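# Structure at a glance
Listed below, chain by chain, are the residues.
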Amino acid sequence: MGESSTKIVLIVCLLLFSAFFSATEMAFSSLNKIRLKNAAENGDRKAADVLKVIDGFDRVLYTVLVGNNIVNILSSSVATVLFIDLLQNSAKGTTAATVVMTVLVLIFGECVPKSLAKEKPEKFAMAVLPLMKFFRFILWLPATLLLGIKRLIALCFKRGESEEAAQITEDEIITFVEEAELEGSIGEQESELIRSAVEFNDREAQEILTHRVDISAISEDASEEEIESLFIETGFSRLPVYRDTIDNIFGVIHHKDYFNKVKTGMVTLSSVIKPVVSVHKSIKISDLLKMLQKEKTHIAVVADDYGGTLGIVTMEDIIEELVGDIWDEHDEVVEEIVELEENKYRVLCTASLDKVFEMFDIRMESDEASVGGWVMKELDKIPEEGDTFTYDNVEVVVTKTDSKRLIEIEATVHIRVDGEVVDMPVENEDEESEKE
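Nothing here was measured: the structure is a model prediction, and the numbers come from that model.

Below, the discussion takes up the sheet that holds strand β8 (residues 309–314). Across the sheet, four strands lie side by side as β1-β8-β7-β6; this open sheet has mixed pairing. At either end of the open sheet lies a strand with only one pairing partner, and these are β1 (210–211) and β6 (277–280). In this structure, β1 lies alongside β8, joined through two bridges in antiparallel fashion. Of the residues in β8, the one forming a bridge with His 211 is Gly 311. Docked against the sheet, helix α14 (residues 285–295) engages β6, β7 (299–303) and β8, running at close to 165° with respect to β6.

Written out as structure tokens, the structure reads:
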């Protein structure tokens, strides 16, 4: 009986070690490095030690796997001897040991410890770090052998470790942010700001520019009365200056320079015209921001593929991509998307197409940057008031145009049920019969 008690105590101890290795594997696999780095920067030495250990995560993993397998095999062997002694039958003892140890290892050696460790992996990892270092030392040889075999196999299959595979993608960062927002760690405003910053590098100048038809500019030959009138009419602090045509914008004049210097007769108009930056439409707005900062200017002229003026981009346009619309006391507040009634909206054609697609849950894709470009592409002609088309779950009606220019549309958004669009308009049966 004394030997049986010893075996039972040994099995319990081995199960505890199995639980330790399983929980450690889960903790080190699922811990948040960012939290540990923040804790380490705030002076937490344990967090810094854990970061050093997980820099060689493969060695930690193989140490845990070796240790876990050793204790599980030993506990099964001891249990087999115990049950054979108790039942006085090798076949029955082996069967009983297999069943009992499978249940015990599954519950107390795997499921329970892993579940507990996953709840607070960083705290668990810091708590067991000294014991983990001890086992990493005594199991160094078998872990090293396994690590060498793994690298040899990876080399044979040309699947070695890749720096590219280890990099965090933008989509992963956005997913982290969304999860943090759902958990309440950050607010909706902070989440939106982070997403805007992540997507900032992907946006091009042509997506945020003010189109040439909307540009308020003056000719270099304009009279003082014309310049003064345009400044007053627009309320702008800067006006582009062109030579001959709008396709040849060569400078910009500041409101304060005109009224403080030119209007008072201190200097001539040409002397206060500042040069502007000219860029191609495909330039990334992050690069354009750096260029404007370097040149100490607030306006850039965006050229099309033929060298003509496609539009202009201001410093304010770029910053608004990060922080949202900026309105001052002189701006007329204009909402690009207005809800007219349930599931029906008025949309300005200058609105961002990505924003509209996201808001209306449109799952198809388009290469266009603005709503206006998208509508013209879908209609395949110069739009006229009353033109309609259906795109995915949205029915679009052109409601306002100005000559050959689109102003606004009305969009009726149809809901989805189980991923399918419902309540979509159908053709009249008489029209269908006529077509037949």
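In this section: the environment of Lys 37. Mapped onto the secondary structure, Lys 37 falls in helix α2 (residues 33–41). For Lys 37, a relative accessible area of 47% translates into the label partly exposed. Separated by 13 residues in the primary sequence, Lys 37 and Val 50 have C-alpha atoms spaced 9.8 Å apart.

Time to look at the side chain of Ser 4. Structurally, Ser 4 can be placed in helix α1 (residues 2–30). Taking the relative accessible area as the measure of exposure, Ser 4 reaches 14% and is therefore buried. Setting aside residues no more than four positions away along its own chain, Ser 4 makes contact with Leu 82 and Leu 86.

A contiguous patch of negative charge on the surface is contributed by Glu 170, Asp 171, Glu 172, Glu 199, Asp 202 and Glu 358. Among the elements that make up the negative patch, the one with the highest residue count is helix α9 (residues 170–183) (three residues). With respect to the helices and strands, the residue Glu 170 is situated in helix α9.

Our next topic: the packing of aromatic side chains. Using the criterion set out here, one finds 13 aromatic pairs in the structure. Pairing Tyr 258 with Phe 259 gives two aromatic rings, centres 5.1 Å apart and planes at 90°, and the pair type is edge-to-face. Residue Phe 259 is classed as partly exposed on the basis of its relative accessible area of 22%. An aromatic cluster is built from Phe 17, Phe 20, Phe 21, Phe 134 and Phe 135, whose rings are joined through pairwise contacts. The ring of Phe 250 carries Arg 243 above its face, with NZ or CZ at 4.2 Å from the centroid.

Definitions and limits used
Residues numbered from 1 in each chain as written. Predicted model: local features only at pLDDT ≥ 70, side-chain atom pairs only at ≥ 80, totals over all residues. Heavy atoms only, no water. Pairing = 2+ DSSP bridges. Helix = DSSP H or I, 4+ residues; strand = E, 2+ residues; numbered from the N terminus. Contact = heavy atoms within 4.5 Å. Axes fitted to C-alpha atoms, helices over the stretch in contact; angles between N-to-C directions. Buried < 20%, exposed > 50% of the residue type's maximum accessible area, 1.4 Å probe, protein only. Patch = residues over 30% accessible without salt bridge, like charges linked within 9 Å, V, L, I, M, F, W, Y side chains within 5 Å. Areas by Shrake-Rupley, 256 points an atom, 1.4 Å probe, with all protein chains shown as cover. Salt bridge = Lys/Arg side-chain N within 4 Å of Asp/Glu carboxyl O. Lys, Arg positive; Asp, Glu negative; His and termini not counted. Charge placed at Lys NZ, Arg CZ, Asp CG, Glu CD. Phe/Tyr/Trp six-rings, centres within 6.5 Å; stacked < 30°, edge-to-face > 60°. Lys NZ or Arg CZ within 6 Å of the ring centre and 35° of its normal.

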